[in-house]
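# Remarks on the overall topology
One letter stands for each residue in the lines below.
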Amino acid sequence: RMNPEIGQYVSDLFYGGVLQSGPGTEKQTISIDGYPNAVTFVDTTTMKLTVENDPRETSIDNGSIYNQREIAVICNDILPALGSTLERNPELKLGVITPYKLHYLKLKEQLRGTPYEKCVFTIDSIQGSEFDIVVFSFVRSFPKTSNKTVGFLDDMRRLNVSLSRAKKKLILVGNLNTLSRPEAHNDYGIPGMVSPVDVFSSIATNVMR
């Protein structure tokens, strides 16, 4: 059901590359200026570091997390690029997905009053859903010296669900310096489930910008 590039990407990350795309999936294409590939990773570590563009996550007292840099990238760069395509094709379904509730709420707040406000979801709210375009925000970004880990971002079942919702275009937003660091991950040893370290290493190795 998904573009073969997305299907291969998901297969390589989670299934050792053994899953094959079905006939007709090559027609699952869409043209978006600035995003020629079916899968694109927007790496916040490559952007100029300023006070306004700090790529690091923000934690509040109750442990909730959001990432203002990723919110800005999505709202100011990615969604405007999608705008004309979505206007020409109102039947297209967009999903902006994130693992963290506070990040979800901040995105909704930023997009209030726009057509995109109802397109923002948490991972746990998209079971069984499909989207023509998925924008996925990883959120986690912290210095190596912090000794943090990415927490439940290491739940490969939930990550698999999120990335495999896209049919035509998958745009990932994250900090590869954090996501690709082995010590930032915990392997929960779930039988039959690929290691988070291997998945994020593969994501970093196969970045398509």
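Residues numbered from 1 in each chain as written. Predicted model: local features only at pLDDT ≥ 70, side-chain atom pairs only at ≥ 80, totals over all residues. Heavy atoms only, no water.

### Notes on the packing of helix 1 (residues 4-14) against helix 6 (residues 196-205)
Relative to each other, helix 1 and helix 6 sit at 140°, their axes nearing to 8 Å. Taken together, the axis directions place helix 1 and helix 6 in an arrangement best described as oblique. Facing Y9, L13 and F14 of helix 1, the residues of helix 6 in contact are V199, S202 and I203. Of the residues assigned to the contact of helix 1 with helix 6, the class counts are five nonpolar, one polar and no charged. (Axes fitted to C-alpha atoms, helices over the stretch in contact; angles between N-to-C directions. Helix = DSSP H or I, 4+ residues; strand = E, 2+ residues; numbered from the N terminus. Parallel < 35°, antiparallel > 145°, perpendicular 65-115°, else oblique. Contact = heavy atoms within 4.5 Å. Nonpolar A, V, L, I, M, F, W, Y, C, P; charged D, E, K, R; others polar.)

### Considerations on the side chain of T85
Structurally, T85 can be placed in helix 2 (residues 68-88). On the basis of relative accessible area, T85 is assigned to the buried category, the value being 3%. Residue contacts for T85: discarding those within four places in its chain leaves I30, S31, I32 and L92. (Buried < 20%, exposed > 50% of the residue type's maximum accessible area, 1.4 Å probe, protein only.)

### Focus: the sheet that holds strand 7 (residues 166-174)
Sheet architecture is open: five strands sit in the order 1-7-6-4-5, paired in parallel fashion. Taken across any chain shown, the strands that pair with only one partner, and hence form the sheet edges, are strand 1 (39-43) and strand 5 (120-122). In this sheet, neighbouring strand axes are inclined to one another by 25° on average, regardless of whether the strands run parallel or antiparallel. Bridge count for strand 1 against strand 7 is five bridges, and the pairing is parallel. Its bridge partner lying in strand 7, T40 is registered against I171. Seen against the sheet, helix 1 touches strand 1 and strand 7 and runs at an angle of roughly 55° to strand 7. (Pairing = 2+ DSSP bridges.)

### Digging into the pattern of salt bridges
Counted according to the given criterion, the structure contains eight salt bridges. The salt bridge partner of D132 is K167, with a shortest N-O separation of 4.0 Å. Placement of the pair is D132 in strand 6 (residues 131-137) and K167 in strand 7, with a sequence separation of 35 residues. Residue classification places D132 among the buried residues on the basis of a relative accessible area of 8%. (Salt bridge = Lys/Arg side-chain N within 4 Å of Asp/Glu carboxyl O.)

### Quick notes on helix 1
Of the positions making up helix 1, those classed as buried are I6, G7, Y9, V10, S11, L13 and F14. With a side-chain oxygen positioned 2.8 Å from the backbone nitrogen of E5, the residue opening helix 1 is N3. Residue G16 follows helix 1 closely and has a positive phi angle near 65°. (Polar contact = N/O pair within 3.5 Å; in protein donor to acceptor, adjacent residues only side chain to side chain.)

### Regarding the side chain of N67
With respect to the helices, strands and loops of the structure, N67 is situated in the loop between strand 3 (65-66) and helix 2. Among the residues examined, N67 registers a relative accessible area of 0% and is labelled buried. Only 3.1 Å separates the side chain of N67 from the backbone nitrogen of E70, close enough to count as a polar contact. In contact with N67, other than residues within four places in its own chain, are P55, R56, E57, H103, V139 and S141.

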